[in-house]
Amino acid sequence: MNTAYKDAPTNTITSGGITYAYRELGPKGGVPVIFLVHLAGNMDNWDPRVIDPIAGKHHVITFSNRGVGSSTGTVPKSMESMADDAVAFIKALGYEKVDIFGFSMGAMIAQALVLKHPTLVRKLILAGTGPSGGKGISKVVVTTYYDILRGALTRQDPKEFLFFNRNATGKPAAKAFIERLKERTDHREAPVTIRALQTQLTAIRNWGRSQPKNLAAITQPTLIANGDNDRMVPSMLSNTMHHQIPGSELVIYPDSGHGGIFQFHERFVPVALEFLSR
């Protein structure tokens with residue numbers, strides 16, 4: 001299969017009346033790696049410097065959540081409902097065991113998924129995220145709107161503010177990341193709608209305000225990663241999850257924010273590959 005994400009064709013599959021758009025690449029066979037995307041993200045928002053090398057060794061599948069990009073339906077109002085959609089998508093593809101790679105909101109969905117459907121998941125990667133009831137998560141709404149405004153006023157992508165430090169290290173890393181997202185030029189997805197963004201933000205706020213889930217029930221090998229200065233989901237919450245998930249591994253990248261795994265993709269990808277290959 002094609003191992004360049006920018007060229008991966010967009011496919012569709014229908015389950016429960018919802019048509020999910022997805023892309024797959026890498027060698028088929030074995031356990032696929034399902035990628036769960038961030039707030040306001042569609043399939044075009046995955047960094048090819050993360051996707052491509054992982055797809056060099058594993059069967060990688062990305063998809064757009066219900067009501068996002070080319071997928072039909074309306075955006076669910078909770079992480080649990082988004083997790084149910086992800087399970088419906090995975091089962092429609094015919095898989096009984098998968099690895100999950102979740103980033104930001106996608107890693108919140110991943111937590112809800114693995115707790116509700118533990119037998120479906122072999123390994124778990126949680127990046128730039130926090131647990132339900134995590135202190136500071138409910139502030140994501142204010143931070144997001146503030147940085148969307150900053151982006152509009154400066155004609156920059158809001159992710160440059162949301163994902164990266166605004167310093168001599170973070171600014172060029174942000175620019176490089178945004179340019180990598182533009183490598184795909186054909187058959188790009190429509191940006192998330194304002195209504196979909198608002199619904200996702202509400203779901204994240206509710207996740208932050210809900211009762212903590214029993215992360216000790218997660219028995220799957222788990223890799224947790226973040227930058228040391230995450231403005232969206234406080235970095236300390238990565239440590240919280242690490243202490244609560246038995247046997248989990250934690251990597252924190254210096255002088256980086258929410259998008260630490262993208263800023264340090266050359267360091268993160270080998271760690272992820274070694275973790276998935278065990």
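Our structure is the block above this text.
Here is what the cut-offs are and how they apply
Residues numbered from 1 in each chain as written. Predicted model: local features only at pLDDT ≥ 70, side-chain atom pairs only at ≥ 80, totals over all residues. Heavy atoms only, no water. Salt bridge = Lys/Arg side-chain N within 4 Å of Asp/Glu carboxyl O. Helix = DSSP H or I, 4+ residues; strand = E, 2+ residues; numbered from the N terminus. Buried < 20%, exposed > 50% of the residue type's maximum accessible area, 1.4 Å probe, protein only. Core = buried A, V, L, I, M, F, W, Y, C linked by side-chain atoms within 4.5 Å. Contact = heavy atoms within 4.5 Å. Polar contact = N/O pair within 3.5 Å; in protein donor to acceptor, adjacent residues only side chain to side chain. Pairing = 2+ DSSP bridges. Axes fitted to C-alpha atoms, helices over the stretch in contact; angles between N-to-C directions. Expected span 1.5 Å × (residues − 1).

## Overview of the pattern of salt bridges
If you walk through the whole model with that rule in mind, you get 16 salt bridges. Note that R49 and E183 form a salt bridge whose closest N and O atoms lie 2.6 Å from each other. With R49 in helix α1 (residues 48-55) and E183 in the loop between α6 (170-181) and α7 (194-209), this pair connects stretches of sequence that are 134 residues apart. The exposure class of R49 is partly exposed, given its relative accessible area of 33%.

## Points about the nonpolar core
Of all hydrophobic cores here, the largest spans 88 residues; its most connected members are F35, I54, M79, I100, F101 and F268. Looking at this core, the element that brings in the most residues is helix α3 (residues 105-116), giving 8 residues. Not counting residues up to four positions away in its chain, the partners in contact with I100 are I34, L36, I90, A110, L113, V121, K123, L124 and I125.

## What to know about the environment of R209
Residue position: R209 is located in helix α7. What makes R209 exposed here is its relative accessible area of 59%. In the structure, R209 is positioned 60 residues away from V269 in sequence and 32 Å away in space, judged by C-alpha atoms.

## Focus: the environment of S248
Positionally, S248 belongs in the loop between α8 (236-244) and β8 (249-253). For the pair formed by S248 and F63, sequence separation is 185 residues and the distance between their alpha carbons is 26 Å. S248 has contacts with T222, I224, M241 and H242, leaving out every residue within four places of it along the chain. A polar atom in the side chain of S248 sits 2.9 Å from the backbone oxygen of H242.

## Observations regarding unusual backbone geometry
Positioned with a positive phi, S104 is a non-glycine residue whose angle comes to about 60°. Within the fold, S104 resides in the loop between β5 (98-103) and α3. The exposure class of S104 is buried, given its relative accessible area of 4%. Non-glycine residue D255 carries a positive phi angle of around 45°.

## Details of the sheet that holds strand β4 (residues 60-63)
Strands belonging to one sheet form pairs held by backbone hydrogen bonds; the direction of such a pair is parallel or antiparallel. The sheet built from 8 strands is open, its strands ordered β1-β2-β4-β3-β5-β6-β7-β8 with mixed pairing. Edge positions in the open sheet fall to β1 (11-15) and β8, since each of these has one partner strand only. Adjacent strand axes in the sheet meet at a mean angle of 25° when their direction is disregarded. As paired strands, strand β3 (residues 33-36) and β4 are joined by 3 bridges and run parallel to one another. Looking at β4, one finds that F35 is bridged to T62.

## Here's the deal with α7
Taking 1.5 Å per residue as the helical rise, α7 with its 16 residues ought to reach 22 Å, and the 23 Å between its terminal C-alpha atoms agrees with that figure. Residues of α7 that are buried in the fold lie against α2 (79-92), α3 and α4 (140-154).

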